[in-house]
Amino acid sequence: MAMYQNISRAVLRSRSASQPIILCASYHQKVIDHYEKPRNVGSMDKKDINVGTGLVGAPACGDVMKLQIKVDENGKIIDAKFKTFGCGSAIASSSLATEWVKGKSVDDALKIRNTDIAKELSLPPVKLHCSMLAEDAIKAALKDYQVKQTSHKKEEEKRNAIAQ
């Protein structure tokens, strides 16, 4: 981990054999913090009607994100979990996304944008796709939750109609 803290990419060039130049690009401290101490890692029961699951991926880089939310009867997100296979920026984006959605209403969670995540983590342009995945995962989890709720309400209406 310490290696990632100091150097995420090194490029060696030399003006002459005796004077090499080493250019380094480092992860921002907030990315390192979420990567080394990710928040809300785990899974929830995807069959629970109050749990929404979003699974998204980026074929270009191979990152895969699963983000789950649990919503109470008032429409407030009471828990969030994630599992991510990807780089430090993808893990940090997922971790931050779960922190941000907790305590928000479903409508407010839909307002979280990748640009906000990227800004908070100081992601460089080459890593913006990680914050886009996090936004997509939030939206997918919320959509899954809403589909489950709609389906559940229709089933209850059918049962009530049959009972009468």
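Residues numbered from 1 in each chain as written. Predicted model: local features only at pLDDT ≥ 70, side-chain atom pairs only at ≥ 80, totals over all residues. Heavy atoms only, no water.

- An unreviewed UniProt entry lists the protein under the name NIF system FeS cluster assembly NifU N-terminal domain-containing protein, with Daphnia galeata given as the organism.
- You can read under Sequence similarities (unreviewed entry) in the UniProt record for the protein the words "Belongs to the NifU family." (UniProt positions renumbered as here; feature names shortened; annotations may be inferred.)

1. Observations concerning helix 6 (residues 128–163)
Move 1: Here helix 6 is 36 residues long and its end C-alpha atoms lie 53 Å apart, about the 52 Å a rise of 1.5 Å per residue gives.
Move 2: When we look at burial in helix 6, the residues that qualify are Cys 130, Ser 131, Leu 133, Ala 134, Glu 135, Ala 137, Ile 138, Ala 141, Leu 142, Tyr 145, Lys 148 and Gln 149. (Helix = DSSP H or I, 4+ residues; strand = E, 2+ residues; numbered from the N terminus. Expected span 1.5 Å × (residues − 1). Buried < 20%, exposed > 50% of the residue type's maximum accessible area, 1.4 Å probe, protein only.)

2. A few points about the pattern of salt bridges
Move 1: Taken as a whole, this structure holds 10 salt bridges when the rule is applied.
Move 2: Across the pair Glu 120 and Lys 30 runs a salt bridge whose closest N-O atoms are separated by 3.2 Å. Remark: Lys 30 occurs in helix 2 (residues 29–36) and Glu 120 occurs in helix 5 (residues 114–121); sequence separation between them is 90 residues.
Move 3: Judged by relative accessible area, which is 31%, Glu 120 ranks as partly exposed.
Move 4: The partly exposed category is assigned to Lys 30, whose relative accessible area is 35%.
Move 5: Arg 113 is the salt-bridge partner of Glu 135, the closest N and O atoms lying 3.3 Å from each other. Of the two residues, Glu 135 sits in helix 6 while Arg 113 sits in the loop between helix 4 (106–109) and helix 5, which places them 22 residues apart along the sequence. (Salt bridge = Lys/Arg side-chain N within 4 Å of Asp/Glu carboxyl O.)

3. Comments concerning the pairing of strand 5 (residues 77–85)
Move 1: Pairing geometry for strand 4 (residues 63–71) and strand 5, over 8 bridges, is antiparallel. Counted as the bridge partner of Val 71 is Ile 77 from strand 5.
Move 2: The turn linking strand 4 back onto strand 5 is made up of 5 residues, and Gly 75 within it adopts a positive phi angle of 85 degrees. (Pairing = 2+ DSSP bridges.)

4. Focus on the pairing of strand 4
Move 1: In the sheet, strand 3 (residues 51–58) pairs with strand 4 via 8 bridges, with the strands oriented antiparallel. Each bridged residue has a counterpart across the sheet, and for Ala 58 the counterpart in strand 4 is Asp 63.
Move 2: Taking the residues between adjacent antiparallel strands as the criterion, strand 3 and strand 4 are bridged by 4 residues, where Gly 62 takes a positive phi near 90 degrees.

5. Describing the packing of helix 3 (residues 88–101) against helix 6
Describing two packed helices takes the angle between their axes plus the distance from one axis to the other.
Move 1: At a minimum axis distance of 8 Å, the contact between helix 3 and helix 6 shows a crossing angle of 40 degrees. Here helix 3 lies oblique to helix 6, going by the angle between them. Read as a crossing pair, helix 3 and helix 6 show a hand that is right-handed. Side by side, helix 3 and helix 6 meet where Ser 89, Ala 90, Ser 93, Ala 97 and Val 101 of the first sit next to Cys 130, Ser 131, Ala 134 and Ile 138 of the second.
Move 2: Counted by class, the contact of helix 3 with helix 6 contains 6 nonpolar, 3 polar and no charged residues. (Axes fitted to C-alpha atoms, helices over the stretch in contact; angles between N-to-C directions. Parallel < 35°, antiparallel > 145°, perpendicular 65-115°, else oblique. Left-handed = near helix turned anticlockwise from the far one by under 90°. Contact = heavy atoms within 4.5 Å. Nonpolar A, V, L, I, M, F, W, Y, C, P; charged D, E, K, R; others polar.)

6. So, the side chain of Asp 72
Move 1: Within the element layout of this structure, Asp 72 appears in the loop between strand 4 and strand 5.
Move 2: Polar contacts involving the side chain of Asp 72 include one to the main-chain amide nitrogen of Asn 74, which spans 2.9 Å. (Polar contact = N/O pair within 3.5 Å; in protein donor to acceptor, adjacent residues only side chain to side chain.)

7. Examining the nonpolar core
Move 1: One finds Ile 69 and Val 101 to be the most contacted residues of the largest nonpolar core, which totals 30 residues.
Move 2: Counting only elements with at least two residues in this core, the list comes to strand 3, strand 4, strand 5, helix 3, helix 4, helix 5 and helix 6.
Move 3: Of the residues forming this core, the biggest block, 8 residues, is contributed by helix 6.
Move 4: Excluding residues within four positions of it along the chain, Ile 69 makes contact with Met 44, Asn 50, Val 51, Gly 52, Ile 77, Asp 79, Ala 80, Val 101, Ala 141, Leu 142 and Tyr 145. (Core = buried A, V, L, I, M, F, W, Y, C linked by side-chain atoms within 4.5 Å.)

8. Some remarks on unusual backbone geometry
Move 1: Of note in the backbone geometry, Asn 40 takes a positive phi value of approximately 65 degrees without being a glycine.
Move 2: Its location among the elements puts Asn 40 in the loop between helix 2 and strand 3.
Move 3: Judged by its relative accessible area of 16%, Asn 40 is buried.
Move 4: Unlike most non-glycine residues, Ser 122 shows phi in positive territory, near 55 degrees.

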